[in-house]
Amino acid sequence: CNCLVGLLNNLKHEDLARAGQMMVFTVSSIVLTLLLSALAATLLRLPRSRWGVFVPMAGLSNVLFVGLPLCTQLFGEVCVPYVMVYYLSNTIFTQSLAVVLIERAGSQPGKGGSLAHRMLDMLRKPPIVGMAVSIVLLVLGFASQISGSVTPLALIYCGYIVYEVGLKNLRFLQGMPTMLVIRLIISPLICAAFCMLGGVSGLAMRVFIVESALPVVSQITVMAGAYGADEEY
């Protein structure tokens with residue numbers, strides 16, 4: 001709901017023309033970050049159950065659940081179209097490469113099946129179902145009220161995770177410091193470099209840099225648990 005309301009209120013025709021061009025540079029920066037993450041995982045000699053988890057953790061951002069409320073608080077609703085550009089770039093790899101890597105790192109057999117079966121399975125995923133429901137709510141006039149709950153819900157969720165894990169239980173396992181450096185420092189530097197090379201500046205560049213320096217995608221934990229990879233890692 002928050003994405004749809006933000007897009008309708010802030011997206012202009014000329015933004016659509018620039019979106020494809022900007023995605024070239026956001027996708028390129030994510031690809032380079034993932035390649036660097038794979039190299040780091042190899043050099044660290046991580047076991048198979050952690051290798052496939054480390055790469056998407058270091059290479060992909062929590063763009064929507066954490067990134068959207070964070071950017072709207074920093075820049076206002078006008079940033080939503082740029083958040084969606086980065087979200088599309090990031091989600092391409094979250095729903096494809098990350099699944100493959102974690103499936104190979106796990107002990108559980110993959111679902112397999114035909115291409116049609118995989119496409120049907122993707123259509124059942126919560127983000128896709130959520131978008132369909134949001135369109136209905138938008139038509140009924142309830143989307144704007146629900147979209148206002150994003151920031152408080154995100155903050156409650158983050159607080160719950162900190163409480164559930166417990167600060168005293170946080171340990172720097174093998175590769176964790178490297179992952180944090182890639183995720184929080186190198187990734188935004190790579191993104192900034194591609195933005196400058198592509199002539200992306202202003203609000204778009206600031207949003208992309210913030211989105212590239214966010215925590216790990218929460219779906220990685222769910223995927224690791226589903227495929228028998230190292231979920232606790």
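Scroll up to find the structure.
Residues numbered from 1 in each chain as written. Predicted model: local features only at pLDDT ≥ 70, side-chain atom pairs only at ≥ 80, totals over all residues. Heavy atoms only, no water.

Caption draft 1: Just the pattern of salt bridges, in detail. Applying the stated criterion to the full structure yields 1 salt bridge. Note that Arg50 and Asp230 form a salt bridge whose closest N and O atoms lie 2.7 Å from each other. Of this pair, Arg50 sits in helix α3 (residues 48-59) while Asp230 is found in the segment after α13 (219-227), placing the two residues 180 residues apart along the sequence. Look at Asp230 and you get buried, because its relative accessible area is 19%. (Salt bridge = Lys/Arg side-chain N within 4 Å of Asp/Glu carboxyl O. Helix = DSSP H or I, 4+ residues; strand = E, 2+ residues; numbered from the N terminus. Buried < 20%, exposed > 50% of the residue type's maximum accessible area, 1.4 Å probe, protein only.)

Caption draft 2: A nonpolar patch on the surface, seen in detail. Together, Phe172, Leu180, Val181, Leu184, Ile185 and Leu189 make up a nonpolar patch on the protein surface, roughly 580 Å² of accessible area in all. Residue placement: Leu180 occurs in helix α11 (residues 176-198). (Patch = residues over 30% accessible without salt bridge, like charges linked within 9 Å, V, L, I, M, F, W, Y side chains within 5 Å. Areas by Shrake-Rupley, 256 points an atom, 1.4 Å probe, with all protein chains shown as cover.)

Caption draft 3: Region of interest: helix α5 (residues 80-94). Its 15 residues give α5 an end-to-end C-alpha distance of 20 Å, which sits within 8% of 21 Å, the value for a rise of 1.5 Å per residue. For α5, a buried count of 13 out of 15 residues is recorded, marking the element as mostly surrounded by other parts of the structure. (Expected span 1.5 Å × (residues − 1).)

Caption draft 4: Here's a closer look at unusual backbone geometry. If you check the backbone angles, Arg45 has positive phi at about 55° while not being a glycine. One can find Arg45 in the loop between α2 (13-43) and α3. Of the residues examined, Arg45 reaches a relative accessible area of 74% and is grouped as exposed.

Caption draft 5: Molecular detail of the packing of α5 against helix α12 (residues 202-212). At a closest axis distance of 9 Å, the pairing of α5 and α12 adopts a crossing angle of 45°. As judged from the angle between their axes, α5 and α12 are oblique. Between α5 and α12 lies a crossing whose hand is right-handed. Within the contact between the two elements, α5 uses Tyr82, Val83, Val85 and Tyr86 and α12 uses Leu203, Ala204, Val207, Phe208, Glu211 and Ser212. By residue class, the composition of the contact of α5 with α12 is 8 nonpolar, 1 polar and 1 charged. (Axes fitted to C-alpha atoms, helices over the stretch in contact; angles between N-to-C directions. Parallel < 35°, antiparallel > 145°, perpendicular 65-115°, else oblique. Left-handed = near helix turned anticlockwise from the far one by under 90°. Contact = heavy atoms within 4.5 Å. Nonpolar A, V, L, I, M, F, W, Y, C, P; charged D, E, K, R; others polar.)

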